[in-house]
Amino acid sequence: MYVNYGIPEDYEQLERFGISVKGCIVIARYGASWRGIKPKLAAEKGAVGCLIYSDPKEDGFYHGDPFPEGAWRPKDGVQRGSVMDMPLHPGDPLTPGIGATADAKRLDIKEARTLTKIPVLPISSADAQPLLASLSGKVAPESWRGALPITYKIGPGPSKVHLRIKSNWDIKPIHDVVVTIPGAVYPDEWIIRGNHHDAWVNGAQDPVSGVAAQMEELRAYSELLRRGWKPKRTIVYCLWDGEEQGLLGSTEWVEAHADELKQKAVLYINSDSNGRGYLGVSGSHTHEKFISGVARDIEDPETKLSVWKRSQLRGIAHARSPEERQELRSRSDFRIGALGSGSDYTAFIDHLGVASLDLGYGGEDGGGIYHSIYDDYYWYTHFSDTDFKYGPTLAQTAGTAVLRIADAELLPYDFVNFAETVRRYQDELKKLLVGMRDQIRERNRQLEEGVFAATTDPKQPLVAPKAEQIPPHLNFAPLDNAMDVLSRAAGQYSKAAKKFAQKSAAVPASEVEAVNQKLIRSDRLLTSSEGLPGRPWFKNLIYAPGFYTGYGVKTIPGVREAIEQKRWKEAEQEIVRVAAALSAHAALIESAASDLEKTVRK
Ligand SMILES: [Zn+2]
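Just so we're clear, the structure is a prediction, and the values are computed from it rather than from any experiment.

Asker: Which parts of the structure should I look at to understand the overall build of the protein chain?
Answerer: When its secondary structure is counted, the protein chain shows 18 helices and 11 strands. In terms of overall size, the protein chain behaves like a compact globule, its C-alpha atoms giving a radius of gyration of 25 Å where 602 residues would be expected to give roughly 25 Å. Counting only C-alpha atoms, the protein chain reaches 85 × 55 × 55 Å along its principal axes. When each of the 602 residues of the protein chain is scored for burial, the buried share is 46%. Residue pairs in contact within the protein chain that sit at least 24 positions apart in sequence constitute 76% of those at least 6 positions apart.

Asker: Would you explain helix H8 (residues 307–317) in this entry?
Answerer: Since one α-helical turn is 3.6 residues long, residues separated by three or four positions face the same way. Of the residues making up H8, those classed as buried are Val307, Trp308, Arg310, Ser311 and Gln312. Structurally, H8 contributes buried residues whose contacts are with strand S8 (277–283), helix H7 (288–296), helix H9 (322–330) and helix H12 (390–407).

Asker: Please explain the sheet that holds strand S9 (residues 356–363) as it appears in this structure.
Answerer: Strand pairing in a sheet is mediated by backbone hydrogen bonds. Such pairs are either parallel or antiparallel. On the basis of which strands lie adjacent, the open sheet formed by 6 strands has the order S4-S6-S5-S7-S9-S8 and mixed pairing. Strands with a single pairing partner mark the edges of an open sheet, and in this sheet they are strand S4 (177–181) and S8. Sheet twist, expressed as the average angle between the axes of neighbouring strands with direction ignored, equals 20°. Bridge count between S8 and S9: 7 bridges; the pairing is antiparallel. If you follow Gly280 over to S9, its bridge partner there is Gly360.

Asker: Explain the nonpolar core to me, please; I cannot follow it from the model alone.
Answerer: Side chains that are nonpolar tend, in soluble globular proteins, to be buried together. Counting residues in hydrophobic clusters, the biggest one holds 106 residues, and the most contacted among them are Ile191, Ile291 and Tyr493. Take this core: its biggest share by element is 10 residues, from helix H18 (residues 568–601). Non-local contacts of Ile291, meaning those with residues more than four positions away in its chain, are made with Val281, Phe334, Ile336, Leu357 and Ala401. Counting residues in each nonpolar core, the second largest holds 35 residues, with Ile25, Trp34, Ala42 and Ile154 among its members.

Asker: Sorry, what's going on with the packing of helix H15 (residues 477–503) against H18 here?
Answerer: Any two packed helices are characterised by the angle at which their axes cross and by the distance between the axes. For the pair H15 and H18, the least separation of the axes is 8 Å and the interaxial angle reads 20°. In terms of orientation, H15 lies roughly parallel with respect to H18. Between H15 and H18 the crossing geometry is left-handed. Taken together, the residues that form the contact of H15 with H18 break down as 23 nonpolar, 4 polar and 4 charged.

Asker: Where do I start with unusual backbone geometry in this structure?
Answerer: Note on backbone geometry: most residues besides glycine have negative phi, and most peptide bonds are trans. Of note, the bond from Gly157 into Pro158 is cis; its omega dihedral lies within 30 degrees of zero at 10°. For Pro158, the location among the structural elements is in the loop between helix H3 (125–133) and S4. A cis geometry characterises the amide bond from Asp206 onward to Pro207, with omega recorded as 20°. With respect to the helices and strands, Pro207 occurs in helix H4 (residues 204–226). The phi angle at Ala32 is positive, at roughly 70°, despite the residue not being glycine. With respect to the helices and strands, the residue Ala32 is situated in the loop between strand S1 (25–29) and helix H2 (37–44).

Asker: Can you help me understand the pairing of strand S7 (residues 265–270) in this one?
Answerer: With respect to burial, S7 is a largely interior element, 6 of its 6 residues being buried. In this structure, S7 lies alongside S9, joined through 3 bridges in parallel fashion. Across the sheet, residue Asn270 finds its bridge partner in S9, namely Asp358.

Asker: How should I be thinking about the domain arrangement of the protein chain in this particular structure?
Answerer: Reports of interface size often rely on the accessible area that becomes lost once the parts have come together. Looking at the assigned domains, one finds that the protein chain contains domain 1 (1–167), domain 2 (177–407) and domain 3 (416–601). Computed from C-alpha atoms alone, the centre-to-centre distance between domain 1 and domain 2 is 30 Å. Facing 24 residues of domain 1, the contacting portion of domain 2 comprises 24 residues. Here the side of domain 1 that touches domain 2 is composed, by residue class, of 10 nonpolar, 10 polar and 4 charged.

Asker: Teacher, can you tell me more about the sheet that holds S1 here?
Answerer: Pairing within the open sheet is parallel, and its 3 strands lie in the order S1-S2-S3. Strands with a single pairing partner mark the edges of an open sheet, and in this sheet they are S1 and strand S3 (120–123). Ignoring which end each strand starts from, the neighbouring axes of this sheet average 20° apart. Here strand S2 (residues 49–53) pairs with S3 via 4 bridges, running parallel. Paired with Tyr53 across the bridge in S3 is Ile123.

Asker: Help me out: how do you make sense of helix H5 (residues 248–256) in this one?
Answerer: In terms of residue burial, H5 counts as a mostly covered element, since 8 of its 9 residues are buried. Regarding H5, the residues found buried are Leu248, Gly249, Ser250, Thr251, Glu252, Trp253, Val254 and Glu255. In this structure, the buried side of H5 is in contact with strand S5 (186–196), strand S6 (233–240), helix H6 (258–264) and helix H10 (346–352).

Asker: Honestly, the environment of Gly275 in this entry has me stumped. Any pointers?
Answerer: Within the fold, Gly275 resides in the loop between S7 and S8. Residue Gly275 is classed as buried on the basis of its 23 C-beta neighbours within 10 Å. Sequence spacing of Gly275 and Asn417 is 142 residues, and the spatial spacing of their C-alpha atoms is 28 Å. The residues contacting Gly275, other than those within four sequence positions of it, are Gln205, Ser209, Tyr361, Gly362, Asp365, Ser384, Asp385 and Tyr390.

Thresholds applied
Just so you know, the residues in each chain are numbered from 1, in the order the chain's sequence is written. With pLDDT at 70 or above as the cut-off, local features in this predicted model cover only qualifying residues; side-chain atom pairs require 80 or more to be listed or tallied, and sums for whole chains, interfaces and linings still use all residues. Helix numbering and strand numbering both begin at the N terminus, where a helix is a DSSP run of H or I of at least 4 residues and a strand a DSSP run of E of at least 2. A radius of gyration in this sense is built from C-alpha atoms; the matching globule rule multiplies 2.2 Å by the number of residues raised to 0.38. In this scheme the burial state of a residue depends on its C-beta neighbours within 10 Å: 20 or more other such atoms mean buried, 12 or fewer mean exposed, and anything in between means partly exposed; the C-beta positions come from the backbone. Placing C-beta atoms from the backbone, we regard two residues as in contact once those atoms come within 7 Å. Whether two strands pair depends on DSSP finding at least two bridges between them. In this description, a line fitted to the C-alpha atoms serves as the axis of each element, helices being fitted only across the stretch in contact, and the angle between N-to-C directions of two axes falls anywhere from 0 to 180 degrees. One nonpolar core equals one set of buried Ala, Val, Leu, Ile, Met, Phe, Trp, Tyr and Cys residues connected by C-beta atoms within 7 Å. The cut-offs work like this: below 35 degrees is roughly parallel, past 145 is roughly antiparallel, 65 to 115 is roughly perpendicular, and the gaps in between are oblique. Crossing handedness is read from the near helix: turned anticlockwise from the far helix by less than a right angle, it gives a left-handed crossing, and turned clockwise, a right-handed one. Only Asp, Glu, Lys and Arg are considered charged, only Ala, Val, Leu, Ile, Met, Phe, Trp, Tyr, Cys and Pro nonpolar, and every remaining residue, Gly among them, polar. As used throughout, domain bounds are those supplied by an automatic or database domain assignment.

Structural data, given as structure tokens:
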């Protein structure tokens, strides 16, 4: 059976058609979600196997000439990738929550919760085409059709597929490479920088283009060390292994050193791959102002503008509304994205609550070789960063960020942007609920008027959905109150930090250090030791990958997913939990602000 992208909306559509995937092998196209969601949902719906293919509509000739003439995925190109249930927990499936060291207590493979429940295989569009062409039954809705020269039908059958998968279940060592430059003044405050070194096949772009920048940063530090430089704080560089198989190297390292990292980690800076174009940043909004400042000082190799300016101009050109355009013109900082999952920052930000940033250049290097054999030197030097200009630019960006934090007197936290961003998320939650109410009310009205019955095709009758309960009003007051306190504390801290910047020379280092300790602790207060509902490994209450979107981020995830999945009681409980965390966070910031004010007044 063809299930389009194999996401929840597609199964809702199938239900309306009255078609079930029970006992079928489903074929889904890549896109619209992280790939691991497709077999997870297929298994939940009763399918016995899952094929995933790259349709040229999303990933292939539809966009441009295929490789080797052009940058796009050829018909035989296969996108590999993990399908482990990472929204439950990443890392070794046999050691959730603890480091997979040689003597670690391991689950039996039958108890591992993140391995797929049904066999799954990625295939090329050339291999998918005859399978899709052999399906009969209902013609797929227009939005389900790809770019192959066939009539897309849903099935089921009549063709049969033999799916046989051989897996290697050996336990093998993987190798992280960790380099430490000890801090001369605050050795127990760590700035951590990472990029994975393992690849699917050749991996010129993913991960070597990111690793190369990291190597360049280290070369520069060794040059500085030779001249007698010593960073104030400890710098830790990590080359992760096993990222592609499920963030194995970074997750297991973080789990093995969790207690130490909770005490010492100041910031984690990640990259994964790099290309030609614009700086993209996602991460903790407490560091939005900081990374914007770095970006204003880095020159774009092509336009000679700052990389910040280039990103801003692009944002203005692509703004979706006049208001957004106006805001981008007047705002002096980036609006950085929130982190979901998909690379090695996951364990840092989601499991421990360590502030994290993910950096990379791209956007002028369109192409489709992701996770395939075609991600090689030829592709990279013909279609991506062809003259290696953006490798040094990434090294300058990440390296400057690391050096600034390592040597900062007062750590560069800013809570005004953070508070403003969390308030936006909160507004989104309220709008989400209102939108659901309107939508369900409208659907119920249509149902009463018999709109669904009127569109029924006599051969394939639509199954009319039942009238649904209108979502109740939720009590957002605890969150509203916490946000007011947070905004006030953020403003107070920002004022104190400005005063400090003018008088810092006169302030004794020990007093600033006490403030820094509070700042580091503030990130941890946004986590809960019990974790998110149904997935205790994910402890961050502000950022998480979506349970049914995979890489895609869900902000204030406990509340948002409870609303989306219509678990109203849980939504109200989560509102209270998030509000309590934000209040504790605000109280600590307020106390850091008054400490800082005192140091300046003296
Ligand atoms: Zn990668």
